[in-house]
Amino acid sequence: MPTGSAGLGRGSGLWAVGAVVTMLVVLPVLRLIYVVWIEGGSRLGEVFGRPGLDDAVVNTLLLAAAVTVVAVPLGAFVALGLRRADVPGRRGWRFAMLLPVLVPQFVLGYSWTQAYGRAGFTDSTLGLQWSSVLGPWGVWAVLVVNTVPLTYLVAAVGLATRAEPNLERAARASGASSASVLRDVTLPLLRPSIAAATVLSFVLTLESFAIPQVMGTPAGFTTVTTRIYRDLSLGSDPFSFVEALALALLLVAITVVIVVPADLWLTPRLRVTRVAHPEGAPIVTPSGVVGRWIAAGLCGYLVAGVVLPLVALVVAALTPAVGVSPSPGNWTLDNFSLVVNSRTMEALGRSALLAFVAAALLLVLGGLVAILERRRAGRALASLVTVTLVLPGSTLAVALLITYGRWLGGTLVLVLLAYLAKLWAFAHRPISGALDRLPDGELQAARASGAGPLTAVRTVALRPLAPALLAAWLICFVTALHEVTMSSLLYGPGSETLAVVVLNSQELGRIGPTAALSVLLTLIMLVAALPLWLQISWLRSPRRMSDVRGRSLAHAP
Amino acid sequence: MRPDATSTDVLELRDLTVDYDGVRAVDRVSLRVRRGEVVALLGPSGSGKSTLLHTVAGFLPPTRGEVWLKGRRVATPERAEPPEGRDVAVVFQSYALWPHMSALDTVAYPIRRKGSSRRAARDEALELLDRLHIAHLADRRPAELSGGEQQRVGLARALARQASLYLFDEPTAHLDTHVRGVFLDELVVRREASGGGGLYATHDAEEALGLADRVALLDAGRLVQLGTPQQLYSEPVDLWAARLTGPASVLEASVRDARDGRCSVIIDGTVVTVEAPADTPVRDAVPLLVRPGWARLGGELTGRLQSVRFRGPHCDYSVETASGNVLIREPGPPRHAAGTDVRWTLKRTWPMIPASRYQASDKDVDVS
């Protein structure tokens, strides 16, 4: 797209952004490889022979496989089910399916232990407890709940952009039953999206830290990420540090082995070659029965997976001490007044400031890469930034620590650098996607009508880009606000974030205060996210788009 | 005479109403497609053509009314046969070819669904592709086909369905002559066998008038006029219909003495006798439609030539008269310069009067 901001010094912009990527990602990863080579070198065999380490690696791989095997079909099934017009409250469910993502992983895991564990909510109210909620099964279940929204989203986007209703109608009109259409048309079209969801689910589980730490560690179930955390924060012998570095490198090596071939296969297949026709719902024989079953299933999933645990969390926060009956008569706000102290408030202030600054900078960085990649020279840069999406947080934190720790160790700046490196792709993807959807002619028309390059962008492009920009900011802000994987490895005295304070409190076994802190963290997230989310969906609503685009489309069936 | 209407009609819509997305997209439409007949649904975008087709195909249920296919009731508001159970084939807007299937597999698909073996289905599909002169493209996927080739594959898939009724949902490009020929041949063959028909939605009047046996004019979901292309062109129901179906001039003139298919019209003080229907109102200030071929240059009437447009085989002359502007089409190169006074003759008119005398459905009348 040779239009728009031509002549804004692309060459220097490319160099500047390239330098930032190098500093944030390339250099630290190279440094990690170098240090492992020098420090480990001859002792690497010894390091990997340490007791329990092979368990951690095997656990991590098994867990990633087990979560993926369940979360991907479930996500695809929900996406297909929610296309049916006879699901009661269809629009509401599409929104509700994404709610588990808004709950910080740490809070979700902790709330499950409070809901289903010994002396938990179901134990004290119904006498039902699930003893293995702490341990591999609990970790697996919560990771599935946490991953399904993402696999659902990938599948739903795939359906919306690739499985045009007319393609399915054509099969029906060719004499295929709805089952044949699913087998012959819908699923083959969805295959690349399902593959992408599989890779995403596997990689995200590999690098997950908060849930295994909260639910696995107390039961002696370790993964690579929790082992890195243990090595760095508790390790005393000299081997621990080398082991953490080696594990960080191993994690990224596994990721690369999975992602690179998958990416090569997927990239040409995921390219959207045609504009989807959003008009016209897919064909449905509105029996109503199936739709009601789907709605009931979703309801059960959300209640058992998210709502009940969160209720249990609130109850635990309101209950003064372990052993006290969690009945309303005993509820107090003691735990809240206990945790609302200067240390927490400072941590909260730090978290909010950090997330705000990180999101603002990321919007600029993401936007820059999205603009630069319109030119051939910028494309490599964009690919590099996208790769950071799957760079495990633990690896990134360890790499940044050994690269810049000498000068920045324990400061907020190091944590900020980690956020920028980890979330850059999160900001880049939505903006880049929105730029792709912006029709070429619109900017050219503005230029031909007498607008300068900046005026053209401001008057013509900014309005259609606004939802993507807001969404990018929101994703970065929310993710940074509850980030714990990297923060827990990088914080020092005076630079704890709120999420780290919650994690420390949980490690000390203080149930009430931890629950109260978790509730606070979640509330802050919701308060920050909901107004923006509503604003974004308002900007995106088809009614408004049709106001902009004219009424002619509104009638076309 | 038809002994039983429903047994010979390929399609019958009875008082069909379809609400789509909160909008009344089709409003009380009654329509028949007879054996071997192609009916065009003509209307601007948003007039309900596609919704009507989708209801016939089984993608949408009717809100009220019924759909009958070959004497069988396939859709009521309570119960709608699924698309695969109906004897219809659809050619889609932008063709809706499956991106993951080759042309051959695409065309073989409907045959396979009828229970043929893979081998037999492919043989039959290849034969169809050959009839459309695209057998050499059998292994290509849609992304490797041009627009015209995609259209042929889309039509071949529809023909492979061997249906009684073919639905065309506003094909993005006009059917080229060969494709149209193959399709019309197919209808003739079907008419011999079991009876076949076509319903062709388009917003292009030229295509509708040139292709169809009858044209159904739709506006805002209502059937405005139904008739042969000639009827729609020369006897439009109102000015909107007239403008939609071709160039239209309207003169306002006094009519005297209408009978025997002729009437006397006073234009600029001159009385002329023209062809006109017997029910032309005899009064002052009657709006009279004049198509470009209904007036000639030269004669007893006068006017001033406003503009001349050279159109290749003919020229369009816009003549300003005391009763209004009239467009006259004459073969050959321009014969007069704009701004000069010319003489002209009016041969035929059609009065634009309230539409109550038109039957906008074929519930009871036999138009053919």
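Residues numbered from 1 in each chain as written. Chains lettered and ligands numbered in written order. Predicted model: local features only at pLDDT ≥ 70, side-chain atom pairs only at ≥ 80, totals over all residues. Heavy atoms only, no water.

**Examining the packing of aromatic side chains**
One pass over the full model with this rule turns up eleven aromatic pairs over all chains. Taken together, a centroid distance of 5.7 Å and an interplanar angle of 80° make the contact between Tyr166(B) and Phe183(B) edge-to-face. Linking Tyr166(B) in strand β7 (residues 165–169) with Phe183(B) in helix α6 (residues 177–193), this pair joins segments that are 17 residues apart in sequence. Comparing Tyr166(B) with Phe183(B) shows no difference in burial state: the two are buried. Members of the aromatic cluster, connected to one another through ring pairs, are Tyr166(B), Phe168(B), Phe183(B) and Tyr200(B). Across the ring face of Trp407(A), the terminal group of Arg406(A) is positioned such that the distance to the ring centre comes to 5.0 Å. If you follow Arg113(B) out to its NZ or CZ, it ends over the ring of Tyr109(B), 4.6 Å from the centre. (Phe/Tyr/Trp six-rings, centres within 6.5 Å; stacked < 30°, edge-to-face > 60°. Helix = DSSP H or I, 4+ residues; strand = E, 2+ residues; numbered from the N terminus. Buried < 20%, exposed > 50% of the residue type's maximum accessible area, 1.4 Å probe, protein only. Lys NZ or Arg CZ within 6 Å of the ring centre and 35° of its normal.)

**Things to note about the sheet that holds strand β8 (residues 197–202) of chain B**
Residues and elements named next belong to chain B. Spatial ordering of the open sheet is given by β6-β7-β8-β3-β9-β10, a layout of six strands whose pairing is mixed. Of all strands in the sheet, those with a lone pairing partner are β6 (88–91) and β10 (222–227), marking the two edges. Strand-to-strand, the axes of this sheet are offset by a mean angle of 20°, without reference to chain direction. Across four bridges, the pairing between strand β3 (residues 38–42) and strand β9 (residues 214–219) is parallel. (Pairing = 2+ DSSP bridges. Axes fitted to C-alpha atoms, helices over the stretch in contact; angles between N-to-C directions.)

**Re unusual backbone geometry**
Residues and elements named next belong to chain B. Although it is not a glycine, Ala96 sits at a positive phi angle of roughly 45°. On the secondary structure map, Ala96 appears in the loop between β6 and α3 (103–113). Not every positive phi belongs to a glycine, and Ala220 is a case in point at roughly 50°. Relative to the helices and strands, Ala220 is located in the loop between β9 and β10.

**Thoughts on the interface of chain B and chain A**
Counting residues at the interface gives 28 residues for chain B, matched by 26 residues for chain A. Both sides together, the interface formed by chain B and chain A hides about 2,300 Å², and carbon and sulfur atoms give 61% of it. The interface formed by chain B and chain A includes two salt bridges. For Asp184(A), the salt bridge goes to Arg113(B), with nearest N and O atoms at 3.3 Å. Linking chain B with chain A are six residue pairs in polar contact (both at pLDDT 80 or more). Elements represented by at least two residues in the side of chain B that touches chain A include exactly α2 (49–57), β6 and α3 of chain B. Of the residues belonging to the side of chain B that touches chain A, the class tally is 16 nonpolar, eight polar and four charged. (Contact = heavy atoms within 4.5 Å. Buried area = accessible area lost by both parts, 1.4 Å probe. Salt bridge = Lys/Arg side-chain N within 4 Å of Asp/Glu carboxyl O. Polar contact = N/O pair within 3.5 Å; in protein donor to acceptor, adjacent residues only side chain to side chain. Nonpolar A, V, L, I, M, F, W, Y, C, P; charged D, E, K, R; others polar.)

**So, the packing of α3(B) against helix α4 (residues 118–131) of chain B**
Angle between the axes and distance between the axes: these two values describe a pair of packed helices. Residue and element names in this part refer to chain B. Look at α3 against α4: their axes get within 8 Å of each other, and the N-to-C directions meet at 120°. The angle between α3 and α4 falls in the class oblique. Crossing angle aside, the handedness with which α3 passes α4 is right-handed. For the pair α3 and α4, the contacting residues are Ala103, Leu104, Asp105, Val107, Ala108, Ile111 and Arg112 in the first and Arg118, Ala121, Arg122, Glu124, Ala125, Leu126, Leu128 and Leu129 in the second. (Parallel < 35°, antiparallel > 145°, perpendicular 65-115°, else oblique. Left-handed = near helix turned anticlockwise from the far one by under 90°.)

**Here's the deal with the domain arrangement of chain B**
Residues and elements named next belong to chain B. The domain architecture assigned to chain B consists of domain 1 (5–241) and domain 2 (247–348). Relative placement of domain 1 and domain 2: their C-alpha centres are 40 Å apart. Taken together, the contact between domain 1 and domain 2 spans five residues of the former and six residues of the latter. Of the roughly 460 Å² buried at the junction of domain 1 and domain 2 (both faces included), carbon and sulfur atoms supply 61%. It is Tyr233, Ser234 and Leu239 that lose the most area in domain 1 upon contact with domain 2, and together they represent 82% of the buried surface on that side. At the surface where domain 1 touches domain 2, the tally comes to zero salt bridges. (Domains from an automatic or database assignment.)

**Topic: the domain arrangement of chain A**
Interface size is often expressed as the accessible area that is lost when the parts come together. Residues and elements named next belong to chain A. As assigned here, chain A comprises domain 1 (9–49 + 333–544) and domain 2 (64–221 + 289–329). Each of domain 1 and domain 2 has a C-alpha centre, and these two points are 25 Å apart. With 32 residues of domain 1 in contact, the opposing surface of domain 2 contributes 23 residues. For the pair domain 1 and domain 2, the two sides together bury roughly 2,300 Å², of which 75% comes from carbon and sulfur. One can count one salt bridge joining domain 1 with domain 2. Lys422 is paired through a salt bridge with Glu207; the nearest N and O atoms lie 2.9 Å apart. Inspection of the region where domain 1 meets domain 2 yields five residue pairs in polar contact (both at pLDDT 80 or more). The set of elements that each furnish at least two residues to the side of domain 1 that touches domain 2 consists of α15 (334–339), α21 (453–482), α23 (498–507) and α24 (511–540). Ranked by residue count, the leading element in the side of domain 1 that touches domain 2 is α24, at 13 residues. Partitioned by chemical class, the residues of the side of domain 1 that touches domain 2 number 19 nonpolar, ten polar and three charged.

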